[in-house]
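Overview (structure and organization)
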Amino acid sequence: MNIGLGLLILLIFSQGVHAHPQIYQSETREDVAEFIDMLVNERGFEREWVVSTLAEARQRQDILDLIARPAERVLQWYDYRQIFLTEARTQAGREFMTRYADALQRAEQEYGVPAEMITAIIGVETFYGRNKGRHRVLDALATLTFDYPPRAPFFRGQLIEFLELTRRTGLNPSLPMGSYAGAMGYPQFIPTSYRDFAVDFDGDGFADIWTNPVDAIGSVGRYFEAHGWQRGAAVAHEFRLTGDESALPELRANRFNRQTWSEVRAAGVRVEANLESTERVIPMAFRTSDESSRYVLGLNNFYVITRYNHSRMYALAVYDLASALGMD
């Protein structure tokens with residue numbers, strides 16, 4: 001896809017900017033002035049371009065509200081699961097797999113990641129491209145860089161890379177839409193992930209994750225391979241617990257703490273699989289709708305899913321959707 005066509009497509013799919021404060025100007029904010037000086041002096045940007053670009057960014061209170069309460073932190077598993085494990089999403093996933101069967105098969109051969117897993121990631125992230133985000137990426141990253149101190153250094157890096165991306169490709173930085181955290185396209189890549197893992201999987205000269213599902217498929221496959229996906233290996237096992245949950249204090253934490261299988265087995269975890277004693281695993285408990293628990297032992301490939309989103313519930317939703325799509 002040539003850049004002119006890409007700009008036209010992005011313009012078609014972009015949304016109008018609502019009335020929000022336009023405050024990221026060097027004349028009124030010292031932190032913005034310092035950021036501009038850094039880009040000019042260390043990255044070789046043209047000052048006028050950076051000044052005018054940041055002046056277009058709007059501060060978004062709704063973005064600050066959303067990042068303070070992500071679904072993975074406020075929902076129980078049985079509520080979270082109902083968002084992603086629906087018949088509509090599963091059926092749409094089957095249709096996606098049929099339509100892009102060739103690309104998915106090629107990605108599986110090249111990167112070792114099952115077609116169902118790649119499809120499930122895109123399904124959970126954007127409902128196969130239907131919901132790619134309603135926020136301008138420029139607004140999201142500027143707001144979180146300059147007005148969200150808890151993670152300002154991280155988003156500062158993403159804003160720098162986003163500006164590098166638009167400068168390199170010729171994309172208008174005011175046009176791309178994404179999530180409240182600045183994630184973009186079918187696979188919801190943040191700018192550094194685009195830099196490191198986006199691939200031109202259809203060979204047209206541009207890695208287009210915004211409007212090209214084939215490039216998105218290849219990019220997700222490459223991301224998983226780079227983060228240690230083991231070809232042909234299991235993702236997780238259901239387990240039973242013979243002892244008390246107090247022996248595994250992080251069983252219900254929505255993060256990850258990998259332990260050796262020998263340690264977990266000693267705490268009372270039992271699975272119907274042969275695992276090496278040194279294999280690192282994640283024992284987890286998820287509350288079900290009837291107040292009972294679903295026990296899941298995450299293996300290496302489960303951990304790889306959490307490299308995409310650092311949430312156990314997210315990874316389990318992706319795994320369950322991939323399984324519903326036919327993954328062994």
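Residues numbered from 1 in each chain as written. Predicted model: local features only at pLDDT ≥ 70, side-chain atom pairs only at ≥ 80, totals over all residues. Heavy atoms only, no water.

On to the environment of Ile282. Looking at where Ile282 falls in the secondary structure, it is placed in strand β7 (residues 280–287). The spatial distance from the C-alpha of Ile282 to the C-alpha of Thr260 is 8.6 Å, given a sequence separation of 22 residues. Excluding residues within four positions of it along the chain, Ile282 makes contact with Phe256, Asn257, Arg258, Val296, Leu297, Gly298, Phe302, Tyr303 and Arg312. (Helix = DSSP H or I, 4+ residues; strand = E, 2+ residues; numbered from the N terminus. Contact = heavy atoms within 4.5 Å.)

The biggest cluster of nonpolar side chains holds 93 residues, and the ones touching the most others in it are Met117 and Phe224. The element that contributes the greatest number of residues to this core is helix α16 (residues 312–324), accounting for nine residues. When residues no more than four places from it in sequence are discounted, the contact partners of Phe224 are Val113, Met117, Ile121, Trp229, Val304, Ile305 and Tyr308. Leu251, Val264, Leu275 and Val281 belong to the second largest nonpolar core, which has 15 residues in total. (Core = buried A, V, L, I, M, F, W, Y, C linked by side-chain atoms within 4.5 Å. Buried < 20%, exposed > 50% of the residue type's maximum accessible area, 1.4 Å probe, protein only.)

Another aspect to go through is the side chain of Thr90. Along the chain, the position of Thr90 falls in helix α7 (residues 87–99). At a separation of 2.9 Å, a polar atom in the side chain of Thr90 contacts the main-chain carbonyl oxygen of Thr86. (Polar contact = N/O pair within 3.5 Å; in protein donor to acceptor, adjacent residues only side chain to side chain.)

The subject of this paragraph is the pattern of salt bridges. Tallied over the full model, the rule gives 18 salt bridges. Residue Glu161 is joined to Arg168 by a salt bridge in which the shortest nitrogen-to-oxygen separation is 3.9 Å. (Salt bridge = Lys/Arg side-chain N within 4 Å of Asp/Glu carboxyl O.)

In terms of residue burial, β7 counts as a mostly covered element, since six of its eight residues are buried. With six bridges connecting them, β7 and strand β8 (residues 293–298) associate as antiparallel partners. Each bridged residue has a counterpart across the sheet, and for Phe286 the counterpart in β8 is Arg294. Once β7 ends, the chain turns through five residues before running back antiparallel as β8, passing Glu291 with a positive phi of about 70 degrees. (Pairing = 2+ DSSP bridges.)

Our focus in this paragraph is the packing of helix α9 (residues 115–126) against helix α13 (residues 213–226). Relative to each other, α9 and α13 sit at 110 degrees, their axes nearing to 10 Å. With respect to α13, the element α9 is oriented roughly perpendicular. In contact with Met117, Ile118, Ile121 and Ile122 of α9, α13 contributes Ala216, Ile217, Val220, Gly221 and Phe224. Tallied by class, the residues present in the contact of α9 with α13 amount to eight nonpolar, one polar and no charged. (Axes fitted to C-alpha atoms, helices over the stretch in contact; angles between N-to-C directions. Parallel < 35°, antiparallel > 145°, perpendicular 65-115°, else oblique. Nonpolar A, V, L, I, M, F, W, Y, C, P; charged D, E, K, R; others polar.)

Let us now look at unusual backbone geometry. In this structure, Tyr128 is a non-glycine residue whose phi angle is positive, near 60 degrees. If you trace the backbone, Tyr128 turns up in the loop between α9 and β1 (135–136). A positive phi angle, near 70 degrees, is found at Glu291, a position not held by glycine. Residue placement: Glu291 occurs in the loop between β7 and β8.

Taking burial as the measure, the six residues of β8 include five buried ones, the bulk of the element. For strand β3 (residues 236–238) and β8, the ladder comprises three bridges, and the chain directions are antiparallel. Residue His237 lies in a different strand from β8, and its bridge partner there is Leu297.

Time to look at the packing of aromatic side chains. For the structure shown, the criterion picks out 21 aromatic pairs. Aromatic rings pair up to connect Phe189, Phe197, Tyr223, Phe224, Trp229 and Tyr308 into one cluster. In this arrangement the basic side chain of Arg106 is found over the ring face of Phe201, its NZ or CZ atom lying 3.8 Å from the centre. In this arrangement the basic side chain of Arg307 is found over the ring face of Tyr303, its NZ or CZ atom lying 4.3 Å from the centre. (Phe/Tyr/Trp six-rings, centres within 6.5 Å; stacked < 30°, edge-to-face > 60°. Lys NZ or Arg CZ within 6 Å of the ring centre and 35° of its normal.)

What follows is about the sheet that holds β7. Spatially, the four strands line up as an open sheet ordered β3-β8-β7-β5, and their pairing is antiparallel. Edge strands, defined here as strands with exactly one partner in the open sheet, are β3 and β5 (259–260). Packed on one face of the sheet, α16 meets β3, β7 and β8 and runs near 90 degrees to β7.

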